[in-house]
Amino acid sequence: MACKVIVNRDSGNAYRLDLEKLLCMLGCMDAEVETVDGATDWSADGCDTVIVCGGDGTLHSAIEKCSDKRIIYAPCGTLNETSRTEKTVKTVGKVNGNLFSYVCAAGSFTEIGYTAKTRAKQIFGSVAYLPEVFKHYKSHQIHAELNVDGVTFEDEYTLLMVLKSHRCFGFRFNKSYRKHKGLYLLAIKSCGEDNLFNKAKMFFPFFRVFFCGVSKPCCNKQFMLLPFDKLTIDLQEPQDFCVDGEKQRLFGRLEFCEQRLDKEITIIKTPFCRRKKTL
């Protein structure tokens, strides 16, 4: 089989990757190896198997480029949310024809997925996200109309998150995912304009969702967490979304659904070196 290995040097733990052991473990010693960074436009033309060594953003790129190929994912990121949820990926989320592995979110705190510095993540791991949390503590006013399997809601939200996982940003809050796997909508209502009073008010619904967790689908005055088959979000203004840890600007009508992959993605345990290696 023609095999290519993509190693993202910007991922949080790529410097610890034991590439030789990985290739030996997979029986691909003669594979082509390409080291990339977050800005590299790579391809796997002519290969039928792609081994992806990076974080959720690297996997997202592979799904976009190589959904018709066999993908083997060796997680080397900081959080690796997809690999902590599944051992094989058979389905992914889709928004307006674009695929994502586990999350597409806009609003409060979502910027931390793409603003944390690479060097800080490599040195401090998940702790590198903490300064970003304080930096992006903001009350948003995202006016949106939501249609969840035929039921319509219209309001202002500080967070809109479409999730295919039991966890996000290290918080295992979606406790019903294990019983009902699929896509979920998390929408937390806005407390109003961004000021000190409203920042204090928004702490409570965020604490309730992310720290206490939600054991079953619910819809109340502060937030909703609902599974769905089809979701439409109509935005009044363009918004910056965190899509698998990458920034994308989306606007207008967003149509979400689950998409079955032609070939499932295999997630393996990544072999790491005890000492740092230079990529």
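Owing to the predicted nature of the structure, the values given are computational and were not obtained by experimental measurement.

Caption draft 1: Expanded view of the overall build of the protein. Helix and strand counts for the protein stand at seven helices and 16 strands. Relative to its length of 279 residues, the protein is compact, with a C-alpha radius of gyration of 19 Å against a globular reference of 19 Å. Each of the three principal axes of the protein carries a C-alpha extent, and together these read 55 × 40 × 35 Å. Each of the 279 residues in the protein was classed as buried or not, and the buried ones make up 52%. Of all intrachain contacts in the protein linking residues separated by at least 6 positions in sequence, the fraction that spans at least 24 positions is 70%. Split by element, the accessible area of the protein, about 13,700 Å² in all, is 49% carbon and sulfur. Computed over 40 positive and 34 negative side-chain charges, the inter-centroid distance for the protein is 9 Å.

Caption draft 2: A nonpolar patch on the surface, seen in detail. Among the surface-exposed residues, Ile 123, Phe 124, Val 127, Leu 130 and Phe 134 lie close enough to one another that they form a single nonpolar patch of about 560 Å² accessible area. Of all the secondary-structure elements, those providing two or more residues to the nonpolar patch are α5 (118-124) and α6 (130-135). Among the structural elements, Phe 134 can be located in helix α6.

About the cut-offs
- Residues numbered from 1 in each chain as written.
- Predicted model: local features only at pLDDT ≥ 70, side-chain atom pairs only at ≥ 80, totals over all residues.
- Heavy atoms only, no water.
- Helix = DSSP H or I, 4+ residues; strand = E, 2+ residues; numbered from the N terminus.
- Rg over C-alpha atoms; globule rule 2.2 N^0.38 Å.
- Buried < 20%, exposed > 50% of the residue type's maximum accessible area, 1.4 Å probe, protein only.
- Contact = heavy atoms within 4.5 Å.
- Areas by Shrake-Rupley, 256 points an atom, 1.4 Å probe, with all protein chains shown as cover.
- Lys, Arg positive; Asp, Glu negative; His and termini not counted.
- Charge placed at Lys NZ, Arg CZ, Asp CG, Glu CD.
- Patch = residues over 30% accessible without salt bridge, like charges linked within 9 Å, V, L, I, M, F, W, Y side chains within 5 Å.
- Salt bridge = Lys/Arg side-chain N within 4 Å of Asp/Glu carboxyl O.

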